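Take a look at the letters that make up each chain.
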Amino acid sequence: MTLIAPSLLAADFAKIGEESRRAFDCGADWLHLDIMDGHFVDNISFGPAICAAVRKAVGPDKYLDAHLMIERPDHYFDRFVKAGVNLISIHVELADEYYLHDTLRRIRDAGVQNGLVINPATPFEKVLPFLGEIDLLLVMSVVPGFGGQSFMPEVLEKVSKAAEWRANHNASYLIQVDGGIGESNASLCTKAGADVLVAGSSTFNAPDMAQAIAAMKN
Ligand code: DX5
Ligand code: ZN
């Protein structure tokens, strides 16, 4: 089954609680929280206080997935754990292998799931050392920083490689794709092996959000 994770980045920020509930009421499986610090990417979004407000608005049982596009996740992830998110993803482009192994382990030790994110320009080989120790691999299908960009189909090769590696090594991470996803390309992602699709503009800005989510699941 394909899971749909609307990205709150495309919501009306004047009504964050209402918008978060709307996503789940319309059939969202997860809610994707894009955290940007203005350094790792050229945009600033929101931080732990807003994540805590979202948690309060949706109640304890909804799955919140935090995609950290920040330079020091080792220093900040704990605040997102306290805010009540269920999964924290960090970028493979950030730092050396030691830092990544250590931060991924510390995220799990803090009691939430961990994820590793790979940008369109980064070769698949970069994530190989970590595939045995993650709950989710996020394959970016746009250059991170902004919502509303066009889907880059060339990243599907990495999705296939991730699915192949998982099958060959009896691993269990989920494969998530993020950026420019909507009804027209959702099935390309799932056919390549994706389990979770992030969709911002095509869900929150749709005339009928429930229909948009349902269309991507089928
Ligand atoms: C990009 C973010 C994405 C983005 C998705 O930096 O990671 O999650 O908000 O938005 P759409 O679906 O509009 O491309
Ligand atoms: Zn994202």
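Worth saying up front: this structure is predicted, and the values here are computed from it rather than measured.

Reading the values: rules and limits
Per chain, residue numbering runs from 1 following the sequence as it is written. Both sets of labels track the order of writing: A upward for chains, 1 upward for ligands. It should be noted that, the model being predicted, local features are given only for residues of pLDDT at least 70 and side-chain atom pairs only at 80 or more, the latter also being counted only at that level, while totals for whole chains, interfaces and linings use all residues. Each side-chain value is worked out from all heavy atoms of the structure, with water and hydrogens disregarded. Each metal site is built from N, O and S donor atoms within 2.8 Å (3.2 Å for Na, K and Ca), and since water is not included, such sites may look incomplete. Donor angles set the geometry label: tetrahedral for four donors if every angle is between 85 and 135 degrees, square planar for four and octahedral for six if opposite donors exceed 155 degrees and the others are between 65 and 115, irregular for anything else. Exposure is judged per residue with a 1.4 Å probe applied to protein chains only, and the accessible area is read against the type maximum: over 50% gives exposed, under 20% gives buried, and values in between give partly exposed. Aromatic pairing here means that ring centres of Phe, Tyr or Trp (its six-membered ring) are within 6.5 Å. Orientation follows from the plane angle: under 30 degrees is stacked, over 60 is edge-to-face, and everything else is tilted. Numbering of helices and strands runs from the N terminus, with a helix taken as a DSSP run of H or I at least four residues long and a strand as a DSSP run of E at least two residues long. In this description, a line fitted to the C-alpha atoms serves as the axis of each element, helices being fitted only across the stretch in contact, and the angle between N-to-C directions of two axes falls anywhere from 0 to 180 degrees. Here the word oblique covers every angle except those under 35 degrees (roughly parallel), over 145 (roughly antiparallel) and from 65 to 115 (roughly perpendicular). Helix crossings are classified by the rotation of the near helix relative to the far one: an anticlockwise turn of less than a right angle makes the crossing left-handed, while a clockwise turn makes it right-handed. It only takes one pair of heavy atoms within 4.5 Å for two residues to be counted as in contact. Amino acid classes used here: Ala, Val, Leu, Ile, Met, Phe, Trp, Tyr, Cys and Pro are nonpolar; Asp, Glu, Lys and Arg are charged; the rest, including Gly, are polar. Proximity is defined per residue: if any heavy atom of the residue lies within 4 Å of a molecule or strand, that residue is considered near it. Side-chain atoms alone can form a polar contact between residues adjacent in sequence; in general such a contact is a pair of N or O atoms within 3.5 Å, and within protein one must be able to donate a hydrogen while the other accepts it. Accessible surface is estimated by sampling points in the Shrake-Rupley manner with a 1.4 Å probe; for residues, cover comes only from the protein chains shown. Summarising the geometry, the arc corresponds to the directions from the helix axis toward the C-beta atoms.

Colleague: Please clarify how the coordination of the zinc ion (ligand 2) should be interpreted in this entry.
Modeller: Angles at a metal have ideal values that depend on geometry: 109.5 degrees with four tetrahedral donors, 90 or 180 degrees with six octahedral donors. His32 (NE2), Asp34 (OD), His67 (ND1) and Asp178 (OD) make up the full set of protein donors to the zinc ion (ligand 2), lying at 2.1 to 2.3 Å. Here the zinc ion (ligand 2) binds six donor atoms, and the angle range of 68 to 167° at the metal identifies the geometry as octahedral. Owing to a relative accessible area of 0%, histidine 32 belongs among the buried residues under this scheme.

Colleague: Got a minute to help me understand the packing of aromatic side chains in this structure?
Modeller: A ring pair, where both rings are aromatic, is described by two values, the distance of the centres and the angle of the planes. One pass over the full model with this rule turns up three aromatic pairs. Ring centres of phenylalanine 13 and phenylalanine 46 lie 5.9 Å apart, and the angle between their planes is 80°; this geometry places the pair in the edge-to-face category. A residue pair is termed long-range when its members are at least 10 positions apart, and phenylalanine 13 in the loop between strand S1 (3-6) and helix H1 (16-25) and phenylalanine 46 in the loop between strand S2 (30-36) and helix H2 (48-58) qualify at 33 residues. For phenylalanine 13, a relative accessible area of 40% corresponds to the partly exposed category. Centroid distance tryptophan 165 to tyrosine 173: 6.3 Å. Interplanar angle 35°. Geometry classified as tilted. Note on tryptophan 165: relative accessible area 19%, which makes it buried. Given a relative accessible area of 1%, tyrosine 173 falls into the buried group.

Colleague: Just checking my understanding: could you explain the packing of H2 against helix H3 (residues 73-83) for this structure?
Modeller: The description of two helices packed together rests on the angle between their axes and the distance between the axes. Two elements in contact, H2 and H3, have axes separated by 8 Å at closest approach and are oriented at 20°. One way to sum up the angle between H2 and H3 is to call them roughly parallel. You can see that H2 and H3 cross each other, and the crossing is right-handed. Side by side, H2 and H3 meet where Pro48, Cys51, Ala52 and Arg55 of the first sit next to Arg79, Phe80 and Ala83 of the second. Taken together, the residues of the contact of H2 with H3 sort by class into five nonpolar, no polar and two charged.

Colleague: So what exactly am I meant to see when it comes to the site of ligand 1 here?
Modeller: Around ligand 1 there are 20 residues in total, and Asp34, Gly145, Asp178, Gly200 and Ser201 lie nearest to it. A distance of 3.3 Å separates an oxygen atom of ligand 1 from a polar side-chain atom of histidine 67. Between ligand 1 and the protein, one listed contact pairs an oxygen atom with a backbone N or O atom of glycine 180 at 2.8 Å. Coverage of ligand 1 by the protein amounts to 98% of the 380 Å² it exposes when considered alone. Contributing elements (two or more residues each) for the shell around ligand 1: S2, strand S3 (63-69) and strand S8 (196-199). In terms of residues, the shell around ligand 1 owes the most to one element, S2, which gives three residues. Broken down by class, the residue content of the shell around ligand 1 amounts to eight nonpolar, 10 polar and two charged.

Colleague: Explain H2 to me, please; I cannot follow it from the model alone.
Modeller: Each turn of an α-helix holds 3.6 residues, which means side chains three or four residues apart point in the same direction. Every buried residue of H2 is accounted for by Cys51, Val54, Arg55, Ala57 and Val58. Around the axis of H2, the buried residues are gathered within 165° of arc, so they sit on the same side. Projecting away from the buried face of H2 at angles above 90 degrees are the exposed residues Ala49 and Lys56. Packed against the buried residues of H2 are H1, S2, S3 and H3. Two residues or fewer past H2, glycine 59 is found with a positive phi of approximately 90°.

Colleague: Quick question: what am I supposed to make of the environment of leucine 136 here?
Modeller: Tracing the backbone shows leucine 136 in strand S6 (residues 136-140). Look at leucine 136 and you get buried, because its relative accessible area is 0%. Taking the C-alpha atoms as reference, leucine 136 lies 6.6 Å from asparagine 114; in sequence the two are 22 residues apart.

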